[in-house]
Amino acid sequence: VAEKKVIVNERFFDQPPGTDASDTKGQYFAGIPKQLAIGLNESTQILGGYQTLPAGDSDFRYNFGFVETTGSSARIRVTVLDALGGELGSREYTISAYSQLQYAFRDHFPDLDCENARLRAEVISGSGRVIAYGTGIANGSQDPTTFEMAMTLPSTASRRRWRAPGSPRRGW
């Protein structure tokens, strides 16, 4: 958590010993401002849920996770929704202060067969605030996709435009 405004992104990747950086496969995550994290009695949705059964033969695998942003713990309920919003299953997770958790969908919802699921994540107790995400990975090529949570942006009146120091003010 930064004390000043920063632009952040991350790429995590594989690089076996003795290989070049150009041979890596990785996944990009954009930095999300902690002000957009969800708190008690708030929820968000994450796209990309995919698992056909048997899970070992599925074209894709899906993971989901959370980052706590305030230094307090929270309890999160994750509900899997079908394409029409019907509930397929749910689980609860506790996240500690300033921690990150990631789970394989197949380990927590092993009996679900779904190709266009959404996950609803809601903070049900605790004073922590959470950013949620999903990842989809093609089992053949290992090509990853990041699914950021749905976010409610501040109203236009309270938003400020950012510009790099020394950049011209034209176009605003």
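Refer to the preceding data block for the structure.
None of these values were measured; they are calculated from a predicted model. (Residues numbered from 1 in each chain as written. Predicted model: local features only at pLDDT ≥ 70, side-chain atom pairs only at ≥ 80, totals over all residues. Heavy atoms only, no water.)

Looking at this structure, I do not really get unusual backbone geometry. What am I missing?
Geometrically, the link from Leu-53 to Pro-54 is a cis peptide bond, its omega value of 0 degrees lying close to zero. For Pro-54, the location among the structural elements is in the loop between β3 (43-51) and β4 (60-68). Even without glycine at this site, Asn-41 takes up a positive phi of about 65 degrees. In this structure Asn-41 comes out as exposed when scored by relative accessible area, which is 69%. The residue Tyr-98 is not glycine, and still its phi comes out positive at about 50 degrees. (Helix = DSSP H or I, 4+ residues; strand = E, 2+ residues; numbered from the N terminus. Buried < 20%, exposed > 50% of the residue type's maximum accessible area, 1.4 Å probe, protein only.)

Honestly, the pattern of salt bridges in this entry has me stumped. Any pointers?
Opposite charge on two side chains lets them pair, provided their charged atoms get close. With the rule as written, the count across this model stands at 7 salt bridges. Note that Glu-87 and Arg-120 form a salt bridge whose closest N and O atoms lie 3.0 Å from each other. In this pair, Glu-87 is assigned in strand β6 (residues 87-95) and Arg-120 in strand β8 (residues 114-126), connecting sequence segments 33 residues apart. As a salt-bridge pair, Arg-106 and Asp-107 come within 4.0 Å of each other at their nearest N and O atoms. Under the relative-accessibility criterion, Arg-106 is labelled partly exposed at 42%. Connected through salt bridges with shared partners, the residues Arg-75, Arg-77, Glu-87, Glu-92, Arg-120 and Glu-122 form a single ionic network. (Salt bridge = Lys/Arg side-chain N within 4 Å of Asp/Glu carboxyl O.)

Sorry, what's going on with the sheet that holds β4 here?
Within the open sheet, the 4 strands sit side by side as β7-β4-β9-β10. Their pairing is antiparallel. Every other strand in the sheet has two partners, leaving β7 (100-104) and β10 (144-148) as the edge strands with one partner each. Along the sheet, successive strands turn relative to each other by an average axial angle of 20 degrees, direction set aside. With 9 bridges connecting them, β4 and strand β9 (residues 130-138) associate as antiparallel partners. Across the sheet, the residue bridging to Phe-64 is Gly-134, located in β9. (Pairing = 2+ DSSP bridges. Axes fitted to C-alpha atoms, helices over the stretch in contact; angles between N-to-C directions.)

Teacher, can you tell me more about the nonpolar core here?
Most often, soluble globular proteins have nonpolar side chains that are buried together. Formed by 27 residues in total, the largest nonpolar core has its most connected members in Phe-64, Phe-66, Val-78, Phe-105, Phe-109 and Val-130. Where this core is concerned, the elements lending two or more residues are β4, β5 (74-81), β6, β8 and β9. Considering each element in turn, this core owes the most residues, 5 residues, to β8. (Core = buried A, V, L, I, M, F, W, Y, C linked by side-chain atoms within 4.5 Å.)

Please explain the packing of aromatic side chains as it appears in this structure.
A ring pair, where both rings are aromatic, is described by two values, the distance of the centres and the angle of the planes. Taken as a whole and judged by the stated rule, the model has 10 aromatic pairs. With a centroid separation of 5.2 Å and 35 degrees between ring planes, the pair formed by Phe-105 and Phe-109 is classed as tilted. Residue Phe-109 is classed as buried on the basis of its relative accessible area of 6%. An aromatic cluster is defined as three or more aromatic residues linked by ring pairs; in this entry it consists of Tyr-62, Phe-64, Phe-66, Tyr-93, Tyr-103, Phe-105, Phe-109 and Phe-147. (Phe/Tyr/Trp six-rings, centres within 6.5 Å; stacked < 30°, edge-to-face > 60°.)

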